[in-house]
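As a plain string of letters, each chain reads:
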Amino acid sequence: MDKKDKVRQDLRRIGVLEGIMPTRRAFSVEARRAWATVGREIAVNEVRAADILSRDLLKSSLPQDIVQEGAIEYLSSSDDRLEQLAGFARAGIGFFRASASYIASSVNDRRERGGNEAVTRVVTDGPRILLETQRLIVQFEEGAEAGDIDVILRRYALFPFDAGSLPPGLMRVACTLDSAIQTALALMEETVVVFAEPDFLEHIGPRHVPADPDYSRQWHHARMALDRAWDISDGAGVRVAVIDNGFDATHPDMAFGSLSGWFRATPDLVDADFVHGITAMPGSKHGTACAGMIAAKEGNGIGGCGVAFGSELLAIACAPDQVQTQSTLARALTYAVRPDLEGIDGLGADIVCCSLGPNGAVWAMRQVLADAIDFVSANGREARGAPIFWASTNGNHPISADEVCSHPQVIAVGRSSSNDLDDGSGFGDELDFLAPGVSVWLPTQGGAHAVTTGTSFAAPAAAGVAALALSVMPSLTSAELRERLRQSCDKIGPLAYAHGRNPRYGFGRLNALNALV
């Protein structure tokens, strides 16, 4: 299946939530706090209370003639939807049933009436809520004449703008004549178009499960034989990029490399500008813990230490409000290995790790993100490939439903416990292996440390082991490193392994010493 067929297939799954619209993102401190309260109510399944609160906020922020009623109760049909609604609310976005006149109004009219002019419709892809914007990602055939491209852009009234660090050959455009979905489908009838897809806004939150504070601190080091592996390697000379919602840039147990940076979202969340450095970088206990699992300082008398404490961290923050487009996530991935695509000089990361995504089973990947993954895995490390580690779902779901983690170039990681059990995270043929991620002691926001649980921390544990290996075997390709890690695993658990693996444990639980010898 080529890209065009894949995108068409994805777009055929899209359904429109007729009459449902999002609010404009709240900006005042009071409004953001109020919507955050709505998010907290949704998160604890107090849907009715959240709906009542949202109605009051809708009355105070939008004209009465455009709001028929709140939509939280209507949309909260599953745990997946609740997580997304809570995330949108924390980002300052609510949902409502809109009047027919508002639905039919122009972008300018919506803006003047206080609505969200950046979003044309609310659509669904299975359990996923997507906000359709007027943005598209387009790729033309290599060698297409510039004149032919200009003709197509004019024909569909498309306006190109800076693609930032997206993989070379991808173009970002704004459409004006029709909805993004209809425009994308029409564009893909053109022979010189490789694919065209809408750039949806969606909830891209951290893959995190609340912590149990009663387990021993940093038990994971001994479990992966790190105490002996560190005699061979501490990860020196290896650069590891961690992509997350934010980081505690001043944490005393952390040091971030000079290529760290963040994507500052535009007010409507549809776009983002890259900001080099850690000044004003958004904070997050989740991202801080992920980075700390890899490279928390060693020997400084504070907290514990990371799996590869000698490696260099590149902290890349995007979607600090957990609502963003996949194209911004794609830019973060490609910036990790090619900083020059955002105008920054320096060597990119050798390893990329990301623990963002829904906790539910389903996540549809846009072609722009798939291209970014392919680009990183092929072009990183001077074409030896940069391995991409991604946290699988925390739920007891098949990884195959998650198109990101089941991408052939993504190393999907599940979490194991201190007694070497799988702890019920994602399973299936796409699972590579497990790493410790249950009740692990890690740095957190505010200069502190805490016990926390999730596949979010298993993925960086695996990335840390990869850093140890690349430090002493830098010539390994990404594929060779992946196979070496698979073969290093201890065959834990009560289930039988067929041909070296099983669906619940993948190839087993990582052993750092085995990966180095």
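The following paragraphs examine the structure supplied in this document.

Calculation criteria
- Residues numbered from 1 in each chain as written.
- Predicted model: local features only at pLDDT ≥ 70, side-chain atom pairs only at ≥ 80, totals over all residues.
- Heavy atoms only, no water.
- Helix = DSSP H or I, 4+ residues; strand = E, 2+ residues; numbered from the N terminus.
- Rg over C-alpha atoms; globule rule 2.2 N^0.38 Å.
- Contact = heavy atoms within 4.5 Å.
- Areas by Shrake-Rupley, 256 points an atom, 1.4 Å probe, with all protein chains shown as cover.
- Lys, Arg positive; Asp, Glu negative; His and termini not counted.
- Charge placed at Lys NZ, Arg CZ, Asp CG, Glu CD.
- Phe/Tyr/Trp six-rings, centres within 6.5 Å; stacked < 30°, edge-to-face > 60°.
- Buried < 20%, exposed > 50% of the residue type's maximum accessible area, 1.4 Å probe, protein only.
- Polar contact = N/O pair within 3.5 Å; in protein donor to acceptor, adjacent residues only side chain to side chain.
- Pairing = 2+ DSSP bridges.
- Axes fitted to C-alpha atoms, helices over the stretch in contact; angles between N-to-C directions.

**Comments concerning the overall build of the protein**
Logical step 1: The number of helices and strands found in the protein is 17 helices and 22 strands.
Logical step 2: For 517 residues, the compact-globule formula gives about 24 Å, and the C-alpha radius of gyration of the protein, at 23 Å, lands near that figure.
Logical step 3: Principal-axis analysis of the C-alpha atoms gives the protein an extent of 70 × 55 × 45 Å.
Logical step 4: Pairs at least 24 apart in sequence give 74% of the contacts found in the protein among residues at least 6 apart.
Logical step 5: Accessible surface, the protein: about 18800 Å² in total, of which carbon and sulfur atoms supply 50%.
Logical step 6: In the protein, 47 side chains carry a positive charge and 64 a negative one; their mean positions are 2 Å apart.

**So, the packing of aromatic side chains**
When we look at a pair of aromatic rings, we describe it by the centre distance and by the angle of the planes.
Logical step 1: Applying the stated criterion across every chain yields a total of 8 aromatic pairs.
Logical step 2: Taking 6.0 Å as the distance between ring centres and 50° as the angle between the ring planes, the aromatic pair formed by F96 and Y102 counts as tilted.
Logical step 3: Take F96: its relative accessible area is 0%, and that puts it in the buried class.
Logical step 4: Measuring from ring centre to ring centre gives 4.3 Å for F274 and Y335, while their planes differ by 40°; the resulting arrangement is tilted. Placement of F274 in strand β14 (residues 272-276) and of Y335 in helix α13 (residues 326-337) is noted, with a sequence separation of 61 residues between them. For the pair F274 and Y335, a shared accessibility class is recorded, and that class is buried.

**Points about helix α12 (residues 285-295)**
Logical step 1: Within α12, 10 of the 11 residues are buried, which leaves the element mostly enclosed by the surrounding structure.
Logical step 2: Among all positions in α12, only H286, G287, T288, A289, C290, A291, G292, M293, I294 and A295 are buried.
Logical step 3: Its buried side turned inward, α12 meets α10 (220-223), β12 (239-244), β15 (312-317), β20 (431-436), β21 (440-444) and α15 (455-472).
Logical step 4: For α12, the N-terminal cap is S284; the gap from its side-chain oxygen to the backbone nitrogen of H286 is 3.1 Å.

**Re the sheet that holds strand β7 (residues 135-140)**
Logical step 1: Ordered in space as β8-β9-β7-β10, the 4 strands form an open sheet in which the pairing is antiparallel. The open sheet has two edge strands, β8 (158-161) and β10 (193-198), and neither has a second partner. Averaged over neighbouring strand pairs, the angle between their axes works out to 30° when direction is ignored.
Logical step 2: Inspection of the sheet shows β7 paired to β10 by 5 bridges, in the antiparallel sense. Opposite V138, over in β10, you have A196 as the bridge partner.
Logical step 3: Set on the sheet, helix α1 (residues 3-12) makes contact with β7 and β10; between it and β10 the angle comes to about 25°.

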